[in-house]
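Observations on the three-dimensional arrangement
What follows is the residue order along each chain.
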Amino acid sequence: MNAMDSSFKIQAQDVSFYYGNTQALENISLDVQTNHVTALIGPSGCGKSTFLRILNRMNDIIPGIRVEGKIVLDGVDIYDRNADIVEIRRRVGMVFQKPNPFPKTIFNNIAYGLQINGYKNRSDVHMRVEQSLKDAALWDEVKDRLDDSALGLSGGQQQRLCIARALAIEPEVVLMDEPASALDPIATQKIEDLIIKLKEKYTIIIVTHNMQQAARVSDITAFFYLGKLIEVDKTEKIFTNPKLKQTEDYITGRFG
């Protein structure tokens, strides 16, 4: 496949990953379509979160790791020795499982990330804070309390604040590692509605344990098992007519 194909934002080519001598991923090849939501599903410990973190080099902070193969972002290998890791992480944002707002005001949670990424102009910062809160469907709830501590927000609001923080620096890809697993059903629905809306502007990759969530929000689903990518296809096909019995057994709850 042509590495410069613009319909694919990220292409993983024969990616293997090791923690020391332990192999966590084996020969993963996955093309991620631009402005689509791709869901990574599979039982705990199957490698899906490890794979997600490879996509913005978040695993680099762990000693003794090794990555083989290529991860290509817009035709450029992000593991090339000349790659700019700061720029990669700006372009490929990340939202974690548990909301992790800074112990700062709502405004400064977002402004801080902008400032360390070089935004100096005060009106630019204000504009980006407002826009990212709007993009994260949070502005109407917090616009009158921007100077309050972010820690006073509900769990669902904190997670949308973390999404706003990721969006503020204008990434192209947003990685989400089980973004709703710590939230109640109403907050979860808000995050899911938001994900569907965000794909108009961003390419989204979400790790989820929740099969119904994958079915609701994603266009493409990739099923991981024991460090291997077993099957990837349109979400509707994976959930109604998968090619492999192993995928069907997982989807129908026979194992995992």
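I will try to describe carefully the structure that is included in this document. (Residues numbered from 1 in each chain as written. Predicted model: local features only at pLDDT ≥ 70, side-chain atom pairs only at ≥ 80, totals over all residues. Heavy atoms only, no water.)

**Side note on the overall build of the protein chain**
Secondary structure assignment for the protein chain yields 10 helices and 10 strands. The C-alpha radius of gyration computed for the protein chain amounts to 18 Å, which stays within 12% of the reference 18 Å derived for 256 residues, consistent with globular compactness. Its C-alpha atoms give the protein chain principal-axis dimensions of roughly 55 × 45 × 35 Å. Out of the 256 residues belonging to the protein chain, those deemed buried represent 48%. Relative to all contacts within the protein chain whose residues are 6 or more apart in sequence, the contacts with residues 24 or more apart total 67%. In the structure as shown, the protein chain presents an accessible area of about 12,200 Å², 49% of it carried by carbon and sulfur atoms. A distance of 2 Å separates the average location of the 31 positive side-chain charges in the protein chain from that of its 33 negative side-chain charges. (Helix = DSSP H or I, 4+ residues; strand = E, 2+ residues; numbered from the N terminus. Rg over C-alpha atoms; globule rule 2.2 N^0.38 Å. Buried < 20%, exposed > 50% of the residue type's maximum accessible area, 1.4 Å probe, protein only. Contact = heavy atoms within 4.5 Å. Areas by Shrake-Rupley, 256 points an atom, 1.4 Å probe, with all protein chains shown as cover. Lys, Arg positive; Asp, Glu negative; His and termini not counted. Charge placed at Lys NZ, Arg CZ, Asp CG, Glu CD.)

**Some words on helix α3 (residues 106-116)**
Along α3, the residues classified as buried are Ile106, Phe107, Asn109, Ile110, Ala111, Gly113 and Leu114. Each element contacted by the buried residues of α3 is listed here: α4 (122-135), α5 (139-142) and α6 (155-168).

**Regarding the sheet that holds strand β4 (residues 65-73)**
Strand order in this open sheet of four strands is β2-β1-β4-β5, and the pairing throughout is antiparallel. Each of the sheet's edge strands pairs with one partner strand only, and the pair in question is β2 (22-33) and β5 (76-77). With eight bridges connecting them, strand β1 (residues 8-19) and β2 associate as antiparallel partners. Counted as the bridge partner of Phe8 is Gln33 from β2. (Pairing = 2+ DSSP bridges.)

**Focus: the pairing of strand β8 (residues 203-207)**
Counting buried positions along β8 gives five out of five residues, so the element sits mostly inside the fold. Along β8, one buried face is formed by Thr203, Ile205 and Val207 and the opposite face, lined by Ile204 and Ile206, is buried too. Here strand β3 (residues 37-41) runs beside β8; their pairing, made up of four bridges, is parallel. Across the sheet, residue Leu40 finds its bridge partner in β8, namely Val207. Relative to β8, strand β7 (residues 173-177) is paired through five bridges, and the arrangement is parallel. Across the sheet, residue Asp177 finds its bridge partner in β8, namely Val207.

**Overview of the environment of Asn35**
Among the secondary structure elements, Asn35 is positioned in the loop between β2 and β3. Considered as a pair, Asn35 and Gln13 are 22 residues apart in the sequence and their alpha carbons are 20 Å apart. Non-local contacts of Asn35, meaning those with residues more than four positions away in its chain, are made with Lys199, Glu200, Lys201, Tyr202 and Thr203. In terms of polar contacts, Asn35 uses its side chain to reach the backbone carbonyl oxygen of Glu200, at 3.3 Å. (Polar contact = N/O pair within 3.5 Å; in protein donor to acceptor, adjacent residues only side chain to side chain.)

**Considerations on α6**
The terminal C-alpha atoms of α6 lie 20 Å apart, and with 14 residues this matches the ideal 20 Å at 1.5 Å per residue to within 8%. Once α6 finishes, Glu170 follows within two positions and takes phi at roughly 55°, a positive value. (Expected span 1.5 Å × (residues − 1).)

**With respect to the sheet that holds β3**
Each strand in a sheet pairs with its neighbour through backbone hydrogen bonds, running either in the same direction (parallel) or in the opposite one (antiparallel). Ordered in space as β6-β7-β8-β3-β9-β10, the six strands form an open sheet in which the pairing is mixed. Of all strands in the sheet, those bounded by a partner on one side alone are β6 (92-95) and β10 (228-234). Averaged over neighbouring strand pairs, the angle between their axes works out to 20° when direction is ignored. Running over the sheet, α6 touches β6 and β7 and is turned about 170° from β6. Seen against the sheet, helix α7 (residues 185-198) touches β3, β7 and β8 and runs at an angle of roughly 145° to β8. (Axes fitted to C-alpha atoms, helices over the stretch in contact; angles between N-to-C directions.)

**Thoughts on the side chain of Asp233**
Here Asp233 shows up in strand β10. One polar contact links Asp233 to Lys243, side chain to side chain, over a distance of 3.1 Å. Among all residues touching Asp233, those that are not within four sequence positions of it are Ile220, Thr221, Ile238 and Lys243.

**Comments concerning the packing of α3 against α6**
In contact at an axis separation of 8 Å, α3 and α6 are set at 30° when each is read in the N-to-C sense. Comparing the axis directions of α3 and α6 gives the class roughly parallel. Where α3 crosses over α6, the handedness of that crossing is right-handed. Here Ile106, Asn109, Ile110 and Leu114 of α3 lie close against α6, whose contacting residues are Leu161, Ala164, Arg165 and Ala168. Its residues assigned to classes, the contact of α3 with α6 shows six nonpolar, one polar and one charged. (Parallel < 35°, antiparallel > 145°, perpendicular 65-115°, else oblique. Left-handed = near helix turned anticlockwise from the far one by under 90°. Nonpolar A, V, L, I, M, F, W, Y, C, P; charged D, E, K, R; others polar.)

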